[in-house]
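Chain by chain, the residues:
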Amino acid sequence: IFKKIQDVHSNYDTDIWTTIFKKIQEVTGYPEPYRPGSSMEDKDIAYRVIADHIRTLSFAIADGGAPDSVGRGFVLRRIVRRAVRYGKEFLGAKDGFFQHIVDAVVESMSDTFPELKTNQSRIKATLAKEEELFGKTWETGMKHFGTAVTKAKDNSIRGEDAFILHDRYGFPVDLTLLMAEKQGLGVDMKGFDEHMQKQKDKNKDSGAMAAKKGFMGVDQLNELETIRKVAPTVDEAKYVWEDSTGKVVAIYNHKEQTFPAEAGSDAGKLGILLDKTNFYSEAGGQVGDIGTLVLPGGVFKVEDTQTYTGYTVHIGTLEPGAKVKEGDEAACKVDLARRLDVAANHTGTHILNFALRQALIRENDKNQFEKVDQKGSLVDEKMARFDFTWPSKLTEAEIARTEELVNEEIAKNGAIFTQEVEQGAAMEIVSLRSVFGEKYPPVVRVVSIGKDIPTMLSDPKNPDWWKHSVEFCGGTHLKSMGEAQKAVIVQESAIGGNVRRILMYTRQVAADAAALAESFAQELTGIMADTSIAPAEKLKVIGVFGKKVDDSLIPMLKKVEVKNAIKKAIDDCRAEEKKHTAKVKQWGTEIGEKIAKEVEESKLAFVVRVLNNYQPLLAGERDAIVECGKALEKQAKDTPTLLILKDPKKGTAHVIGTVPKDKTDKLAAPEWVQSLGCKGGGKPVSASGAGLANDAVEESVKKAEALAEQKLA
């Protein structure tokens, strides 16, 4: 319509695109503007590709999307990379150019689409980070293209190389074709297509293998539905935390992949289907219930609960001697203690979602253009795992505030409200959270914390609702927030472009993690207070301890405290080690001076001395025996000396022997050292030994003295 009204030949010639084209020329610095018409020159194609892609991405990111390595996000990532490649390859654009074109999209379209201006900063930040990420692969990709050119066969780039450029470096084959054309080459498209098909087949096989890992397959489900005419399971009772009853309508033998009319405990893994159940089957990131089915013929232990096309399957084994048959009445007993822990973590993810939005955005003006959108979750009885969009690593202050907000909500003990509501009405609630890209049914289950849902529906735009967590959810939840008892964040990490992951504990697991952290702090205090460990040895102990702390899942903030304490302990130990080394060297020098004085006063022909007899605090430090030897070299260099240093921990002694050159014809240093009964060796004038047992030192000294008297007489 615009093309007709404005009497132009192409949609790209309408004034909707003019502002964007001008901005592209400005930020790339390309000397020529876009030429209206249907020019197929590289530079005009590049203008159109960049303009089209920046507009697409601006709207997608404003709507909550983000480049990623999987799913819809991967499509956005490919679009970013294609536009950036065209800019660099054909317009000579520099790194970081792409984000600035967003301003032109906002300028030309925000009057009609105000969300573009509202999210302008976030769109630019997202694209800047994505372009930076791609920049790291662009250079290596271009190197591979250069290699591919040199390996070209029959004037064509090999299909394998074109596929590698596409798959590993994100170069679409149409760009490879254009780049190859500039080199006077073609591309082996047949070979490229073959490699693409191999990858598709591989992915298809992986999907088939994943399906086979499921407890029941398509054939079994088809038999239930079309042959046996089994009605889908009625599972409304899963939200009622009480025992219930159901009738066995089918028994599935997993090993045989059959539906026997009855089975015994020797059948192995079974799947029991009831007409109705109170067991919650795995869904929405929440694990399935476990528990027991009490049957007339015994007890069936439910180890997992899964849903297949509307059929709730209780997976597990019969206790020894038990049996089950179709038509049996079963008493359904869910492990409610475990479910309570699961529910605490599930409700915890709702509060975590709420707290992240509060801490990162609503309490932080600089982040007003960012979004915290849920990208997935997994909850079981041990932990809550929550994935969300955010452009950077959370700071310690942000983690602390988030954890604080979660625990504030737990302390408020707000009631948990659930209600099925028409989707359109529910979406009107101003603070409602839903998963971006998720398709919801016409009637949805709404979960609210601290405020009843009818009140919210009666005044959906009330700003007070921002004070409450409100989400679509089909999981099992607590009755009130206080049942969560306590929450601690134990890990925060990146799992993809602009996607972060938090692990959080609640209830007893949180208390245990906090207690473990406290025990670490006490253990470190004990290590530092132990005066029996030398500084050098203490550093090794702290190193092992630090690895244990690193590998643990304890409250992140407490882990930071402990690691800071470890760092200080290491610094203190190194300082102490330095002082201790200086002291040991001083002891060695002083001992050497004392021995030299003994030589001088007593006119000794040789000396055999144990350093520990002069300084009982020595613990095998070699610096002492070295410095002692140096002192004797200066003050008694004409006297043969045999020095022994006992190491109390090892239980053995280190030995150093020196003999003046003019006496080596009578007594060689290695012979003298070995006379102690230890292994040793060296030159005639100096030798060392080790392995002499501490309790043998006294007798060994006598042997060494006797040998010296004999040889030097």
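Up top you'll find the structure we're talking about.
Residues numbered from 1 in each chain as written. Predicted model: local features only at pLDDT ≥ 70, side-chain atom pairs only at ≥ 80, totals over all residues. Heavy atoms only, no water.

Counting residues in hydrophobic clusters, the biggest one holds 57 residues, and the most contacted among them are Ile20, Ile24, Phe98 and Leu127. Where this core is concerned, the elements lending two or more residues are helix 2 (15-28), helix 3 (42-62), helix 4 (71-91), helix 5 (102-109), helix 7 (120-150), helix 8 (159-167), helix 9 (173-182) and helix 10 (189-212). With 11 residues, the single largest contributor to this core is helix 3. The contact partners of Ile24, leaving out residues within four places of it in the chain, are Tyr47, Ile50, Ala51, Leu91 and Ile101. In terms of nonpolar packing, the next biggest core, distinct from the first, is built from 31 residues, Val372, Cys473, Leu478 and Ile489 among them. (Core = buried A, V, L, I, M, F, W, Y, C linked by side-chain atoms within 4.5 Å. Buried < 20%, exposed > 50% of the residue type's maximum accessible area, 1.4 Å probe, protein only. Helix = DSSP H or I, 4+ residues; strand = E, 2+ residues; numbered from the N terminus. Contact = heavy atoms within 4.5 Å.)

Turning next to the pairing of strand 7 (residues 298-308). Where strand 6 (residues 291-295) meets strand 7, 5 bridges bridge the pair, whose relative direction is antiparallel. When the sheet's bridge partners are listed, Leu293 is paired in strand 7 with Phe300. Hairpin connection between strand 6 and strand 7: a loop of 2 residues separates the two successive antiparallel strands. Pairing of strand 7 with strand 8 (residues 311-318), which is carried by 8 bridges, proceeds in the antiparallel orientation. In the sheet register, Val302 faces strand 8, and the bridge partner there is Gly316. Between strand 7 and strand 8, which pair antiparallel and follow one another directly, the connecting turn spans 2 residues, one of which, Thr309, has a positive phi of 45 degrees. (Pairing = 2+ DSSP bridges.)

Time to look at empty space enclosed by the protein. Under the counting rule described, the total for this entry stands at 1 cavity of 30 Å³ or more. Along the walls of the largest cavity sit 13 residues, with Ala66, Arg122, Thr126, Lys371 and Thr389 positioned nearest its centre. Per-class residue counts for the lining of the largest cavity are 4 nonpolar, 5 polar and 4 charged. (1 Å grid on protein atoms, 1.4 Å probe; cavity = no way out; pocket = protein on both sides within 12 Å on 5 of 7 lines; lining within 4 Å. Points joined across faces, edges and corners; volume = space filled by probe spheres on them. Nonpolar A, V, L, I, M, F, W, Y, C, P; charged D, E, K, R; others polar.)

Along the chain, the position of Ile533 falls in the loop between helix 16 (507-529) and helix 17 (535-551). Through-space distance from the C-alpha of Ile533 to that of Cys573 is 11 Å; in sequence the pair is 40 residues apart. The residues touching Ile533, leaving out its near neighbours within four places in the chain, are Lys538 and Lys649.

Reading across the sheet, the 4 strands line up as 13-15-16-14 and stay open at both edges, with mixed pairing between neighbours. On the outer flanks of this sheet lie strand 13 (416-422) and strand 14 (432-433), each paired with one strand and no other. The pairing of strand 15 (residues 443-449) with strand 16 (residues 470-472) spans 3 bridges and is classified as antiparallel. Bridging from a neighbouring strand, Val446 pairs with Phe472 of strand 16.

Applying the stated criterion across every chain yields a total of 39 salt bridges. Here Lys151 ties to Asp161 by a salt bridge, and the two come within 3.8 Å at their closest N and O atoms. Here Asp161 lies in helix 8 and Lys151 lies in the loop between helix 7 and strand 1 (156-157), a separation of 10 residues in the sequence. Overall, Lys151 belongs to the partly exposed group, its relative accessible area being 37%. The salt bridge partner of Glu627 is Lys630, with a shortest N-O separation of 3.4 Å. Of this pair, Glu627 and Lys630 both sit in helix 19 (residues 622-635), separated by 3 residues, roughly a single helical turn. Its relative accessible area of 16% is what places Glu627 among the buried residues. (Salt bridge = Lys/Arg side-chain N within 4 Å of Asp/Glu carboxyl O.)

Strands pair in a sheet through their backbones, by hydrogen bonds, and they do so in one of two ways: parallel or antiparallel. Taken in spatial order, the 5 strands line up as 19-20-21-23-22 in an open sheet, and their pairing is mixed. The sheet is open, and its two edges are formed by strand 19 (607-610) and strand 22 (679-683), each paired on a single side. For this sheet the average axis-to-axis angle between neighbouring strands, irrespective of direction, equals 15 degrees. With 7 bridges connecting them, strand 20 (residues 641-647) and strand 21 (residues 652-658) associate as antiparallel partners. Paired with Ile644 across the two strands is Val655, which belongs to strand 21. (Axes fitted to C-alpha atoms, helices over the stretch in contact; angles between N-to-C directions.)

This part covers unusual backbone geometry. The phi dihedral of Asp154 falls on the positive side, at around 55 degrees, and the residue is not glycine. Structurally, the position occupied by Asp154 is in the loop between helix 7 and strand 1. In this structure Asp154 comes out as exposed when scored by relative accessible area, which is 70%. Although it is not a glycine, Arg507 sits at a positive phi angle of roughly 50 degrees.

Turning to its location among the elements, Asp44 is positioned in helix 3. If near-sequence neighbours (up to four positions away) are discounted, Asp44 is found in contact with Pro33, Tyr34, Arg35 and Ser39.

Take Asp289: it is sitting in the loop between strand 5 (270-274) and strand 6. Of the residues examined, Asp289 reaches a relative accessible area of 2% and is grouped as buried. One polar contact links Asp289 to Arg339, side chain to side chain, over a distance of 2.6 Å. Beyond its immediate stretch of four places on either side in the chain, Asp289 contacts Asn278, Phe279, Tyr280, Val302, Asp304, Thr305, Val334, Arg338 and Arg339. (Polar contact = N/O pair within 3.5 Å; in protein donor to acceptor, adjacent residues only side chain to side chain.)

For the rest of this paragraph, the subject is the packing of aromatic side chains. Across all of its chains, the model carries 14 aromatic pairs by this definition. On the basis of an interplanar angle of 85 degrees and a centroid distance of 6.5 Å, the ring pair of Tyr30 and Tyr47 is categorised as edge-to-face. One end of the pair, Tyr30, is in the loop between helix 2 and helix 3; the other, Tyr47, is in helix 3, and 17 residues separate them in sequence. Assessed through its relative accessible area of 0%, Tyr47 is described here as buried. Summarising the aromatic geometry, the rings of Phe59 and Phe113 are spaced 4.9 Å apart at their centres and angled 90 degrees between planes, so their arrangement reads as edge-to-face. One end of the pair, Phe59, is in helix 3; the other, Phe113, is in the loop between helix 5 and helix 6 (115-118), with 54 residues separating them in the sequence. (Phe/Tyr/Trp six-rings, centres within 6.5 Å; stacked < 30°, edge-to-face > 60°.)

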